Amino acid sequence: MAMKPTTIYLHIGHGKTGTTAIQSALAHSADHLKRKKILYPMTADERAKAVAFDITSGNWKHDPNISIFEQIQQQLKDNPSYEAIMLSSESLFWQITTLLKDKEKWENKFKLHIILAVRELEEMLSSEYQQRVKRHGENRPFEQFLRSHHFVSSHHKRAATVLNLIQKLNIKTTVLNYSKNKFQISKLIFDTINSAETYPAKAMEGLIINRSLSQKELQFLTMINALYHEKHPWISARLSDALAKQLPHVQSQPCRISANSRRKLYELNEKFIATINN
């Protein structure tokens, strides 16, 4: 009797769709998942950070010298007793097409199931901008940030490219709308891998990780970046992390946008949104 091929679940993000919470939930439930023959592989240090709800990069690392296919092959070789292996990383979102284009190499070796979380256009760009403020010293107003990107959402454009290729290659995919399910996105991941009973509901209850900023906080950080980021490039990250940790329940707010900019935004991203919604 032929052995059933291992299922490879690839949770590819994208960014700002609850990835840290998802990875923390998976780390919390790793032992329970193992008993179901589902492996979420990680080192002890990675697991300790994820269980503590620290921001991590997931359990897959991009290596320019090793293809995704080769990395999966190594996981299969090292862990032959599992029925499924779960890999999660936002980096996969930007690298996944290399694996998809190699389908003829792997289609008879394992079953691939891609899990992609997406976010509503304005909300995503607002969150991306805030992340730039928090981590990269951005100090321009939101609309100037949008103009510098020609009003195109790189995440929506990339998601459309990935989904078009997935559809062409007939690869199993689950797309989740984070904007509509942000408070249950982690649980939906467990539902997708048929492991709802292992979801760590108590550990995740009321959890807020890496929240977005209020308008006042955003104004404060952009001013700090303009004044001090060049000399102290770490300053916005430390301040934003402290704000999130000390004031986790402050209500975040989307960035303001003019009617004219909103019109341009939807016109230029319409085809990407249509592909994602199909």
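Predicted model only: the values in this text are computed from it and were never measured.

Regarding the overall build of the protein
Working step 1: Regarding its fold elements, the protein presents 15 helices and five strands.
Working step 2: For the protein, whose C-alpha radius of gyration is 20 Å, the value lies close to the compact-globule estimate of 19 Å for 278 residues.
Working step 3: When its C-alpha atoms are laid out on the principal axes, the protein stretches across 65 × 40 × 35 Å.
Working step 4: Residues classed as buried in the protein amount to 49% of the 278 residues present.
Working step 5: Contacts in the protein between residues far apart in sequence, at least 24 positions, make up 81% of those at least 6 positions apart.

Quick word on the packing of aromatic side chains
How two aromatic rings sit relative to each other is set out by the distance from centre to centre and by the angle between their planes.
Working step 1: This structure, assessed with the given rule, holds six aromatic pairs.
Working step 2: When the centroid spacing of 4.8 Å and the interplanar angle of 80 degrees are considered together, the rings of Phe93 and Trp94 count as edge-to-face.
Working step 3: The buried category is assigned to Phe93, whose relative accessible area is 0%.
Working step 4: Relative to Phe145, the ring of Tyr129 lies with its centre 5.2 Å away and its plane at 50 degrees, an arrangement referred to as tilted.

Observations regarding the pattern of salt bridges
Working step 1: One pass over the full model with this rule turns up eleven salt bridges.
Working step 2: When the shortest N-O distance is used, the salt bridge between Arg140 and Glu138 registers 2.7 Å.
Working step 3: With a relative accessible area of 25%, Arg140 lands in the partly exposed category.
Working step 4: The residue Lys187 makes a salt bridge to Asp191 at a minimum N-O spacing of 3.4 Å. Residue Lys187 and its partner Asp191 are both found in helix H11 (residues 185-192); the two are separated by four residues, about one turn of the helix.
Working step 5: In this structure Lys187 comes out as partly exposed when scored by relative accessible area, which is 33%.

What to know about the nonpolar core
Working step 1: Within the largest apolar cluster, 30 residues are counted, with the highest numbers of intra-cluster contacts made by Leu10, Ile12, Leu99, Leu100 and Leu112.
Working step 2: Mapped by element, the contributors of at least two residues to this core are strand E1 (7-11), helix H4 (68-78), strand E3 (84-88), helix H5 (91-100), strand E4 (111-118) and helix H9 (154-169).
Working step 3: In contact with Leu100, not counting residues within four places along its chain, are Leu112, Ile114, Val162, Leu165, Ile166, Leu169 and Ile171.

Some thoughts on the sheet that holds strand E2 (residues 38-39)
Working step 1: Strands sit in the order E2-E3-E1-E4-E5 across an open sheet of five strands; the sheet is parallel. Of all strands in the sheet, those with a lone pairing partner are E2 and strand E5 (172-177), marking the two edges.

Quick notes on empty space enclosed by the protein
A probe as big as a water molecule, rolled over the atoms, marks out the empty space that is left.
Working step 1: The full count for this structure, using the stated rule, is one cavity of 30 Å³ or more.
Working step 2: Reported here for the largest cavity is a volume of approximately 30 Å³.
Working step 3: Considering each element in turn, the lining of the largest cavity owes the most residues, three residues, to helix H14 (residues 235-246).
Working step 4: When grouped by side-chain class, the residues that make up the lining of the largest cavity number two nonpolar, two polar and three charged.

What to know about the packing of helix H7 (residues 121-136) against H9
How two helices sit against one another is set out by the angle between their axes and by the gap between those axes.
Working step 1: In the contact formed by H7 and H9, the axes pass within 9 Å of each other and the chain directions differ by 120 degrees. Taken together, H7 and H9 sit at an angle that is classed as oblique. Packed against H7, whose contacting residues are Leu121, Met124 and Glu128, the element H9 presents Ser154, His155 and His156 at the interface.
Working step 2: Its residues placed into classes, the contact of H7 with H9 shows two nonpolar, three polar and one charged.

Thoughts on the side chain of Ser195
Working step 1: Considering the arrangement of structural elements, one finds Ser195 in the loop between H11 and helix H12 (201-204).
Working step 2: A residue is classified by how much of its surface remains accessible, and Ser195, at 0% relative accessible area, is buried.
Working step 3: Among residues more than four places away in sequence, those in contact with Ser195 are Leu33, Lys36, Ile38 and Phe190.

Some words on the pairing of E3
Working step 1: With five of five residues buried, E3 lies mostly within the body of the structure.
Working step 2: The alternating pattern of E3 places Ala84, Met86 and Ser88 on one face and Ile85 and Leu87 on the opposite face, and all of these are buried.
Working step 3: In this structure, E1 lies alongside E3, joined through five bridges in parallel fashion. Bridge pairing links Tyr9 to Met86 in E3.
Working step 4: As defined by bridge partners, E2 adjoins E3 across two bridges and the pair is classed as parallel. Within E3, the position partnered with Leu39 by the bridge is Ile85.

Side note on a nonpolar patch on the surface
Working step 1: On the surface, a nonpolar cluster with roughly 410 Å² of combined accessible area is contributed by Phe220, Met223, Leu227 and Tyr228.
Working step 2: By the element assignment, Met223 lies in helix H13 (residues 215-228).
Working step 3: Given the relative accessible area of 45%, Met223 is considered partly exposed.

Conventions adopted
Residues numbered from 1 in each chain as written. Predicted model: local features only at pLDDT ≥ 70, side-chain atom pairs only at ≥ 80, totals over all residues. Heavy atoms only, no water. Helix = DSSP H or I, 4+ residues; strand = E, 2+ residues; numbered from the N terminus. Rg over C-alpha atoms; globule rule 2.2 N^0.38 Å. Buried < 20%, exposed > 50% of the residue type's maximum accessible area, 1.4 Å probe, protein only. Contact = heavy atoms within 4.5 Å. Phe/Tyr/Trp six-rings, centres within 6.5 Å; stacked < 30°, edge-to-face > 60°. Salt bridge = Lys/Arg side-chain N within 4 Å of Asp/Glu carboxyl O. Core = buried A, V, L, I, M, F, W, Y, C linked by side-chain atoms within 4.5 Å. Pairing = 2+ DSSP bridges. 1 Å grid on protein atoms, 1.4 Å probe; cavity = no way out; pocket = protein on both sides within 12 Å on 5 of 7 lines; lining within 4 Å. Points joined across faces, edges and corners; volume = space filled by probe spheres on them. Nonpolar A, V, L, I, M, F, W, Y, C, P; charged D, E, K, R; others polar. Axes fitted to C-alpha atoms, helices over the stretch in contact; angles between N-to-C directions. Parallel < 35°, antiparallel > 145°, perpendicular 65-115°, else oblique. Patch = residues over 30% accessible without salt bridge, like charges linked within 9 Å, V, L, I, M, F, W, Y side chains within 5 Å. Areas by Shrake-Rupley, 256 points an atom, 1.4 Å probe, with all protein chains shown as cover.

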